Amino acid sequence: MNARAPAPALARAPADVVGAVVRPEIRALSAYAVAKAEGLIKLDAMENPFPLPEALRAKIAEAVAAVPVNRYPDGGADALKAALRHSIGLTDAAGLILGNGSDELIAIITVALAKPGAVMLAPEPSFVMYRMNALYAGMRFVGVPLEAGFALDTGAMLAAIDEHRPALIFLAYPNNPTGNLFPAADIERILRAAPGLVVLDEAYYAFADASFLPRIAEFPNLLVLRTVSKIGMAGLRLGYAVAAPEWTDELNKVRQPYNLNALTQVVAPVLLAERGLLAEQAGILKSERGRLNAALAALPGVTVFPTQTNFVLARFPDAPRAFAGLRAAGILVKSLHGWHPLLEHCLRITVGTPAENDALLAALTQLH
Ligand SMILES: Cc1ncc(COP(=O)(O)O)c(C=O)c1O
(Lines give C-alpha, C1' and ligand atoms only; values in the text may rest on other atoms or scores of the structure.)
Protein backbone atom coordinates (compact mmCIF):
# COMPACT_ATOMS: atom_id res chain seq x y z
CA MET A 1 0.00 0.00 0.00
CA ASN A 2 1.20 3.50 -0.78
CA ALA A 3 1.78 5.76 2.17
CA ARG A 4 -0.99 8.32 2.25
CA ALA A 5 -0.18 12.01 1.86
CA PRO A 6 -0.98 13.94 5.05
CA ALA A 7 -4.54 15.26 4.97
CA PRO A 8 -4.76 19.03 4.47
CA ALA A 9 -6.07 20.93 7.47
CA LEU A 10 -9.85 21.03 7.34
CA ALA A 11 -11.22 24.41 6.36
CA ARG A 12 -13.42 25.74 9.16
CA ALA A 13 -16.74 27.39 8.37
CA PRO A 14 -16.70 30.89 9.85
CA ALA A 15 -19.14 31.03 12.78
CA ASP A 16 -20.48 34.41 11.72
CA VAL A 17 -21.45 33.10 8.26
CA VAL A 18 -23.07 29.94 9.70
CA GLY A 19 -24.86 32.11 12.24
CA ALA A 20 -26.01 34.52 9.57
CA VAL A 21 -27.53 31.98 7.19
CA VAL A 22 -28.82 29.08 9.32
CA ARG A 23 -32.32 29.73 10.69
CA PRO A 24 -32.12 30.80 14.35
CA GLU A 25 -34.70 28.18 15.41
CA ILE A 26 -32.49 25.46 13.88
CA ARG A 27 -29.37 26.94 15.54
CA ALA A 28 -31.16 26.67 18.87
CA LEU A 29 -31.78 22.92 18.49
CA SER A 30 -29.66 19.93 19.42
CA ALA A 31 -29.59 17.00 16.98
CA TYR A 32 -31.72 14.01 17.99
CA ALA A 33 -29.43 11.85 20.11
CA VAL A 34 -29.79 8.09 19.64
CA ALA A 35 -28.35 6.27 22.66
CA LYS A 36 -25.58 3.76 21.97
CA ALA A 37 -26.61 0.30 23.10
CA GLU A 38 -23.68 -2.02 22.31
CA GLY A 39 -23.57 -4.85 24.79
CA LEU A 40 -26.73 -3.72 26.57
CA ILE A 41 -30.19 -5.24 26.79
CA LYS A 42 -31.99 -2.74 24.58
CA LEU A 43 -35.34 -1.73 26.02
CA ASP A 44 -35.34 1.92 24.94
CA ALA A 45 -36.77 2.17 21.43
CA MET A 46 -39.93 0.04 21.16
CA GLU A 47 -38.29 -2.43 18.79
CA ASN A 48 -39.48 -6.01 18.44
CA PRO A 49 -36.85 -8.01 20.39
CA PHE A 50 -37.10 -11.31 18.51
CA PRO A 51 -34.44 -12.25 15.95
CA LEU A 52 -35.69 -13.67 12.65
CA PRO A 53 -35.91 -17.45 12.30
CA GLU A 54 -33.04 -18.90 10.25
CA ALA A 55 -35.27 -20.04 7.35
CA LEU A 56 -36.69 -16.55 6.99
CA ARG A 57 -33.22 -15.02 7.01
CA ALA A 58 -32.28 -17.31 4.13
CA LYS A 59 -35.40 -16.27 2.21
CA ILE A 60 -34.53 -12.62 2.73
CA ALA A 61 -30.92 -13.19 1.69
CA GLU A 62 -32.15 -14.73 -1.54
CA ALA A 63 -34.50 -11.82 -2.23
CA VAL A 64 -31.79 -9.26 -1.49
CA ALA A 65 -29.23 -11.05 -3.67
CA ALA A 66 -31.49 -10.60 -6.69
CA VAL A 67 -31.84 -6.81 -6.29
CA PRO A 68 -30.18 -4.76 -9.06
CA VAL A 69 -28.62 -2.19 -6.75
CA ASN A 70 -27.06 -0.37 -9.69
CA ARG A 71 -30.57 0.77 -10.65
CA TYR A 72 -32.85 3.20 -8.88
CA PRO A 73 -35.69 1.49 -7.05
CA ASP A 74 -39.24 1.48 -8.34
CA GLY A 75 -40.31 5.04 -7.55
CA GLY A 76 -43.90 3.96 -7.02
CA ALA A 77 -42.94 0.91 -4.91
CA ASP A 78 -45.86 -0.84 -6.59
CA ALA A 79 -45.10 -4.41 -5.51
CA LEU A 80 -44.61 -3.36 -1.90
CA LYS A 81 -47.80 -1.33 -1.98
CA ALA A 82 -49.71 -4.34 -3.32
CA ALA A 83 -48.24 -6.53 -0.57
CA LEU A 84 -49.22 -3.98 2.05
CA ARG A 85 -52.76 -3.61 0.72
CA HIS A 86 -53.10 -7.38 0.84
CA SER A 87 -51.61 -7.58 4.32
CA ILE A 88 -53.92 -4.96 5.89
CA GLY A 89 -56.96 -5.71 3.71
CA LEU A 90 -57.04 -2.33 2.00
CA THR A 91 -59.07 -1.89 -1.19
CA ASP A 92 -57.78 0.10 -4.16
CA ALA A 93 -60.31 2.83 -3.37
CA ALA A 94 -58.30 4.03 -0.38
CA GLY A 95 -55.26 6.24 -0.99
CA LEU A 96 -51.92 4.84 0.18
CA ILE A 97 -48.53 6.51 0.42
CA LEU A 98 -45.30 4.99 1.72
CA GLY A 99 -42.54 6.67 3.67
CA ASN A 100 -38.99 6.01 4.78
CA GLY A 101 -40.39 5.28 8.22
CA SER A 102 -43.52 7.04 9.41
CA ASP A 103 -41.13 9.81 10.50
CA GLU A 104 -40.77 10.75 6.84
CA LEU A 105 -44.53 10.76 6.37
CA ILE A 106 -44.92 13.12 9.34
CA ALA A 107 -42.47 15.43 7.57
CA ILE A 108 -44.25 15.09 4.21
CA ILE A 109 -47.67 15.82 5.70
CA THR A 110 -46.37 18.80 7.63
CA VAL A 111 -44.54 20.35 4.67
CA ALA A 112 -47.59 19.92 2.45
CA LEU A 113 -49.88 21.70 4.92
CA ALA A 114 -47.50 24.38 6.25
CA LYS A 115 -49.05 27.41 4.64
CA PRO A 116 -47.86 30.69 6.15
CA GLY A 117 -49.74 31.09 9.42
CA ALA A 118 -51.14 27.54 9.43
CA VAL A 119 -51.37 25.73 12.77
CA MET A 120 -50.49 22.18 13.82
CA LEU A 121 -52.23 21.00 16.99
CA ALA A 122 -51.44 17.99 19.17
CA PRO A 123 -51.86 16.94 22.78
CA GLU A 124 -48.74 17.00 24.94
CA PRO A 125 -46.83 15.03 25.98
CA SER A 126 -46.98 13.08 22.75
CA PHE A 127 -44.58 12.00 20.01
CA VAL A 128 -41.92 14.73 19.90
CA MET A 129 -41.51 14.62 16.12
CA TYR A 130 -44.85 16.38 15.58
CA ARG A 131 -43.62 19.54 17.28
CA MET A 132 -40.17 19.20 15.69
CA ASN A 133 -41.60 18.95 12.18
CA ALA A 134 -43.81 21.98 12.79
CA LEU A 135 -40.64 23.85 13.64
CA TYR A 136 -38.75 22.54 10.58
CA ALA A 137 -41.60 23.53 8.26
CA GLY A 138 -42.30 26.89 9.91
CA MET A 139 -45.77 25.86 11.10
CA ARG A 140 -47.18 27.28 14.34
CA PHE A 141 -47.49 24.50 16.91
CA VAL A 142 -50.23 24.49 19.54
CA GLY A 143 -49.84 21.87 22.28
CA VAL A 144 -52.83 20.96 24.45
CA PRO A 145 -51.77 19.45 27.80
CA LEU A 146 -53.06 16.00 28.69
CA GLU A 147 -54.71 15.60 32.08
CA ALA A 148 -52.60 14.46 35.05
CA GLY A 149 -53.22 10.73 34.44
CA PHE A 150 -52.52 11.29 30.69
CA ALA A 151 -56.20 11.29 29.72
CA LEU A 152 -57.06 13.39 26.68
CA ASP A 153 -58.58 16.73 27.72
CA THR A 154 -61.20 16.63 24.99
CA GLY A 155 -62.86 19.86 26.13
CA ALA A 156 -59.53 21.68 25.87
CA MET A 157 -58.83 20.03 22.49
CA LEU A 158 -62.19 21.17 21.10
CA ALA A 159 -61.71 24.67 22.49
CA ALA A 160 -58.24 24.85 20.92
CA ILE A 161 -59.64 23.65 17.58
CA ASP A 162 -62.25 26.38 17.76
CA GLU A 163 -59.70 29.04 18.63
CA HIS A 164 -56.80 28.10 16.34
CA ARG A 165 -58.57 26.37 13.39
CA PRO A 166 -55.63 23.96 12.89
CA ALA A 167 -54.85 22.78 9.37
CA LEU A 168 -53.34 19.65 10.92
CA ILE A 169 -53.97 17.67 14.10
CA PHE A 170 -51.75 14.79 15.23
CA LEU A 171 -53.09 12.21 17.66
CA ALA A 172 -50.97 9.19 18.51
CA TYR A 173 -53.41 6.29 18.95
CA PRO A 174 -52.20 4.82 21.34
CA ASN A 175 -50.09 7.71 22.57
CA ASN A 176 -46.31 7.71 22.87
CA PRO A 177 -44.76 8.19 25.43
CA THR A 178 -47.73 7.66 27.74
CA GLY A 179 -48.92 4.34 26.23
CA ASN A 180 -52.66 4.93 26.68
CA LEU A 181 -55.36 4.73 24.03
CA PHE A 182 -57.68 7.74 23.96
CA PRO A 183 -61.42 6.91 23.85
CA ALA A 184 -62.75 6.41 20.31
CA ALA A 185 -65.74 8.67 21.05
CA ASP A 186 -63.35 11.57 21.82
CA ILE A 187 -61.43 10.95 18.60
CA GLU A 188 -64.72 11.05 16.68
CA ARG A 189 -65.63 14.41 18.26
CA ILE A 190 -62.25 15.80 17.25
CA LEU A 191 -62.60 14.42 13.71
CA ARG A 192 -66.01 16.08 13.38
CA ALA A 193 -64.84 19.42 14.79
CA ALA A 194 -61.52 19.65 12.89
CA PRO A 195 -61.46 22.07 9.94
CA GLY A 196 -58.45 20.32 8.35
CA LEU A 197 -56.63 17.00 8.33
CA VAL A 198 -56.53 14.74 11.41
CA VAL A 199 -53.66 12.26 11.52
CA LEU A 200 -54.22 9.27 13.77
CA ASP A 201 -50.77 7.86 14.28
CA GLU A 202 -51.25 4.14 14.87
CA ALA A 203 -47.58 3.23 15.29
CA TYR A 204 -48.56 0.77 18.06
CA TYR A 205 -51.66 -0.71 16.37
CA ALA A 206 -50.37 -4.28 16.72
CA PHE A 207 -50.58 -4.02 20.51
CA ALA A 208 -53.82 -2.03 20.79
CA ASP A 209 -57.47 -3.04 21.09
CA ALA A 210 -58.77 -0.49 18.58
CA SER A 211 -57.97 1.07 15.22
CA PHE A 212 -59.57 3.64 12.93
CA LEU A 213 -58.16 2.03 9.79
CA PRO A 214 -61.40 0.10 9.08
CA ARG A 215 -63.29 3.41 9.45
CA ILE A 216 -61.25 5.41 6.95
CA ALA A 217 -64.19 5.82 4.54
CA GLU A 218 -66.35 7.29 7.31
CA PHE A 219 -64.19 10.38 7.88
CA PRO A 220 -63.04 12.37 4.84
CA ASN A 221 -60.52 14.33 6.94
CA LEU A 222 -58.88 11.27 8.55
CA LEU A 223 -55.43 9.95 7.71
CA VAL A 224 -54.24 6.81 9.47
CA LEU A 225 -50.48 6.63 9.82
CA ARG A 226 -48.70 3.39 10.57
CA THR A 227 -45.24 1.90 10.73
CA VAL A 228 -43.81 -1.60 10.55
CA SER A 229 -41.03 -0.54 12.95
CA LYS A 230 -42.72 -1.90 16.06
CA ILE A 231 -43.67 -5.27 14.56
CA GLY A 232 -40.16 -6.40 13.73
CA MET A 233 -38.91 -4.27 10.84
CA ALA A 234 -37.46 -1.11 12.40
CA GLY A 235 -34.30 -1.49 10.33
CA LEU A 236 -36.19 -1.42 7.04
CA ARG A 237 -37.60 2.09 7.59
CA LEU A 238 -41.12 1.70 6.24
CA GLY A 239 -44.17 3.67 7.21
CA TYR A 240 -47.49 4.10 5.44
CA ALA A 241 -50.41 6.46 5.39
CA VAL A 242 -53.97 5.64 4.39
CA ALA A 243 -56.50 8.35 3.58
CA ALA A 244 -58.91 9.50 0.90
CA PRO A 245 -56.97 9.67 -2.40
CA GLU A 246 -57.52 13.45 -2.51
CA TRP A 247 -55.10 13.66 0.43
CA THR A 248 -52.56 11.05 -0.66
CA ASP A 249 -52.42 12.53 -4.20
CA GLU A 250 -51.32 15.87 -2.75
CA LEU A 251 -48.86 14.30 -0.31
CA ASN A 252 -47.34 12.27 -3.12
CA LYS A 253 -46.18 15.53 -4.73
CA VAL A 254 -43.98 16.25 -1.70
CA ARG A 255 -42.52 12.74 -1.51
CA GLN A 256 -38.95 12.36 -2.82
CA PRO A 257 -38.99 10.29 -6.05
CA TYR A 258 -37.10 7.26 -4.66
CA ASN A 259 -37.85 7.48 -0.95
CA LEU A 260 -38.24 3.71 -0.50
CA ASN A 261 -34.95 1.96 -1.17
CA ALA A 262 -34.75 -1.19 -3.29
CA LEU A 263 -33.77 -3.50 -0.40
CA THR A 264 -36.73 -2.46 1.74
CA GLN A 265 -39.01 -2.93 -1.25
CA VAL A 266 -38.06 -6.61 -1.57
CA VAL A 267 -37.62 -7.52 2.09
CA ALA A 268 -40.80 -6.00 3.53
CA PRO A 269 -43.19 -8.17 1.46
CA VAL A 270 -41.38 -11.32 2.62
CA LEU A 271 -41.94 -10.36 6.25
CA LEU A 272 -45.46 -9.01 5.76
CA ALA A 273 -46.42 -12.43 4.40
CA GLU A 274 -45.42 -14.00 7.73
CA ARG A 275 -48.70 -13.12 9.39
CA GLY A 276 -48.64 -16.07 11.77
CA LEU A 277 -45.18 -15.20 13.06
CA LEU A 278 -45.95 -11.49 13.46
CA ALA A 279 -49.20 -12.22 15.31
CA GLU A 280 -47.50 -14.77 17.54
CA GLN A 281 -44.76 -12.29 18.49
CA ALA A 282 -47.27 -9.52 19.20
CA GLY A 283 -49.20 -11.97 21.38
CA ILE A 284 -46.10 -12.86 23.41
CA LEU A 285 -45.24 -9.18 23.84
CA LYS A 286 -48.77 -8.35 25.00
CA SER A 287 -48.69 -11.08 27.58
CA GLU A 288 -45.18 -10.05 28.71
CA ARG A 289 -46.45 -6.47 28.96
CA GLY A 290 -49.07 -7.67 31.46
CA ARG A 291 -46.44 -9.49 33.46
CA LEU A 292 -44.11 -6.47 33.49
CA ASN A 293 -46.92 -4.12 34.47
CA ALA A 294 -47.94 -6.27 37.42
CA ALA A 295 -44.36 -6.82 38.62
CA LEU A 296 -43.46 -3.12 38.33
CA ALA A 297 -46.63 -2.09 40.15
CA ALA A 298 -45.64 -4.37 43.03
CA LEU A 299 -42.36 -2.49 43.57
CA PRO A 300 -42.61 -0.02 46.46
CA GLY A 301 -43.29 3.54 45.34
CA VAL A 302 -43.65 2.69 41.64
CA THR A 303 -46.75 3.78 39.69
CA VAL A 304 -47.51 2.02 36.43
CA PHE A 305 -49.77 3.58 33.80
CA PRO A 306 -52.18 1.65 31.55
CA THR A 307 -50.64 0.81 28.19
CA GLN A 308 -51.82 -0.54 24.85
CA THR A 309 -48.38 -0.43 23.27
CA ASN A 310 -45.21 -2.52 23.42
CA PHE A 311 -43.83 -0.37 26.21
CA VAL A 312 -44.64 0.33 29.82
CA LEU A 313 -44.55 3.79 31.37
CA ALA A 314 -43.78 3.83 35.07
CA ARG A 315 -43.09 6.54 37.63
CA PHE A 316 -40.28 5.77 40.05
CA PRO A 317 -39.44 7.42 43.37
CA ASP A 318 -36.13 8.50 41.77
CA ALA A 319 -36.04 7.93 38.00
CA PRO A 320 -32.43 9.11 37.40
CA ARG A 321 -31.27 6.64 40.07
CA ALA A 322 -33.34 3.79 38.60
CA PHE A 323 -32.09 4.61 35.09
CA ALA A 324 -28.46 4.67 36.21
CA GLY A 325 -28.88 1.46 38.22
CA LEU A 326 -30.36 -0.33 35.23
CA ARG A 327 -27.62 1.02 32.98
CA ALA A 328 -25.00 -0.31 35.38
CA ALA A 329 -26.78 -3.67 35.27
CA GLY A 330 -26.46 -3.64 31.46
CA ILE A 331 -30.03 -2.59 30.64
CA LEU A 332 -30.92 0.46 28.56
CA VAL A 333 -34.37 2.04 29.02
CA LYS A 334 -35.59 5.54 28.20
CA SER A 335 -35.72 8.20 30.88
CA LEU A 336 -38.45 10.77 30.30
CA HIS A 337 -37.57 12.69 33.44
CA GLY A 338 -37.28 16.35 32.46
CA TRP A 339 -39.13 15.94 29.14
CA HIS A 340 -42.44 17.39 30.32
CA PRO A 341 -43.82 18.31 33.76
CA LEU A 342 -46.32 15.42 33.57
CA LEU A 343 -43.49 12.93 33.01
CA GLU A 344 -41.45 13.70 36.12
CA HIS A 345 -39.59 10.60 37.33
CA CYS A 346 -41.01 8.46 34.53
CA LEU A 347 -39.13 5.74 32.67
CA ARG A 348 -40.38 4.22 29.43
CA ILE A 349 -39.50 0.56 29.21
CA THR A 350 -39.91 -1.38 25.98
CA VAL A 351 -41.25 -4.90 26.46
CA GLY A 352 -38.44 -7.33 25.63
CA THR A 353 -38.17 -11.08 25.33
CA PRO A 354 -39.24 -13.04 28.44
CA ALA A 355 -35.55 -13.46 29.39
CA GLU A 356 -34.84 -9.73 28.95
CA ASN A 357 -37.86 -8.85 31.05
CA ASP A 358 -36.69 -11.25 33.76
CA ALA A 359 -33.31 -9.49 33.76
CA LEU A 360 -35.02 -6.10 34.01
CA LEU A 361 -37.19 -7.16 36.93
CA ALA A 362 -34.27 -8.80 38.74
CA ALA A 363 -32.20 -5.60 38.36
CA LEU A 364 -35.06 -3.39 39.58
CA THR A 365 -35.75 -5.66 42.55
CA GLN A 366 -32.07 -5.39 43.51
CA LEU A 367 -32.20 -1.61 43.24
CA HIS A 368 -35.27 -1.28 45.44
C1 LIG B 1 -46.22 7.56 17.74
C2 LIG B 1 -45.07 7.31 16.83
N3 LIG B 1 -45.15 7.68 15.55
C4 LIG B 1 -44.15 7.47 14.69
C5 LIG B 1 -42.97 6.88 15.09
C6 LIG B 1 -41.86 6.72 14.10
O7 LIG B 1 -41.79 5.46 13.60
P8 LIG B 1 -40.90 5.08 12.33
O9 LIG B 1 -39.89 4.12 12.83
O10 LIG B 1 -41.84 4.48 11.35
O11 LIG B 1 -40.29 6.35 11.79
C12 LIG B 1 -42.82 6.48 16.41
C13 LIG B 1 -41.57 5.87 16.86
O14 LIG B 1 -41.28 5.71 18.01
C15 LIG B 1 -43.90 6.71 17.31
O16 LIG B 1 -43.81 6.37 18.59
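See the structure printed just above.
Residues numbered from 1 in each chain as written. Predicted model: local features only at pLDDT ≥ 70, side-chain atom pairs only at ≥ 80, totals over all residues. Heavy atoms only, no water.

Draft legend 1. Highlighting the overall build of the protein chain. A tally of helices and strands in the protein chain yields 13 helices and 13 strands. What you see for the protein chain is a C-alpha radius of gyration of 22 Å, in line with the 21 Å of a compact globule of 368 residues. Partitioning the contacts of the protein chain with sequence separation of at least 6, the portion at a separation of at least 24 is 71%. Across the protein chain, 32 positive and 33 negative side-chain charges occur, with their mean positions spaced 4 Å apart. (Helix = DSSP H or I, 4+ residues; strand = E, 2+ residues; numbered from the N terminus. Rg over C-alpha atoms; globule rule 2.2 N^0.38 Å. Contact = heavy atoms within 4.5 Å. Lys, Arg positive; Asp, Glu negative; His and termini not counted. Charge placed at Lys NZ, Arg CZ, Asp CG, Glu CD.)

Draft legend 2. Main features of the pairing of strand S2 (residues 95-99). Counting buried residues along S2, 5 of its 5 residues qualify, which places the element largely inside the surrounding structure. On S2, burial covers both faces: Gly-95, Ile-97 and Gly-99 on one face and Leu-96 and Leu-98 on the other are all buried. (Buried < 20%, exposed > 50% of the residue type's maximum accessible area, 1.4 Å probe, protein only.)

Draft legend 3. Highlighting the sheet that holds strand S8 (residues 239-243). One open sheet accounts for 7 strands, arranged S2-S8-S7-S6-S5-S3-S4; its pairing is mixed. Strands at the two margins of the open sheet, each flanked by one partner only, are S2 and strand S4 (140-145). Pairs of neighbouring strands in the sheet enclose a mean axial angle of 20°, with direction left out of account. Each of S2, strand S7 (222-227) and S8 is contacted by helix H4 (residues 78-88), which is oriented at about 120° to S2, the strand it contacts most. (Pairing = 2+ DSSP bridges. Axes fitted to C-alpha atoms, helices over the stretch in contact; angles between N-to-C directions.)

Draft legend 4. Spotlight on the sheet that holds strand S9 (residues 303-304). Read from one edge of the open sheet, 4 strands run S9-S10-S13-S12, paired in antiparallel fashion. The open sheet terminates on both sides in strands that have one partner only, identified here as S9 and strand S12 (334-335). Helix H12 (residues 319-328) rests against S12 and strand S13 (346-350) of the sheet, and its axis sits at about 35° to S13.

Draft legend 5. Highlighting the packing of helix H11 (residues 275-297) against helix H13 (residues 354-367). At a minimum axis distance of 11 Å, the contact between H11 and H13 shows a crossing angle of 10°. Viewed along their axes, H11 and H13 adopt a mutual orientation that is roughly parallel. Contacts from Ile-284, Glu-288, Arg-291, Leu-292, Ala-295 and Leu-296 of H11 reach H13 at Pro-354, Asn-357, Asp-358, Leu-360, Leu-361 and Leu-364. Here the contact of H11 with H13 is built from residues that sort into 8 nonpolar, 1 polar and 3 charged. (Parallel < 35°, antiparallel > 145°, perpendicular 65-115°, else oblique. Nonpolar A, V, L, I, M, F, W, Y, C, P; charged D, E, K, R; others polar.)

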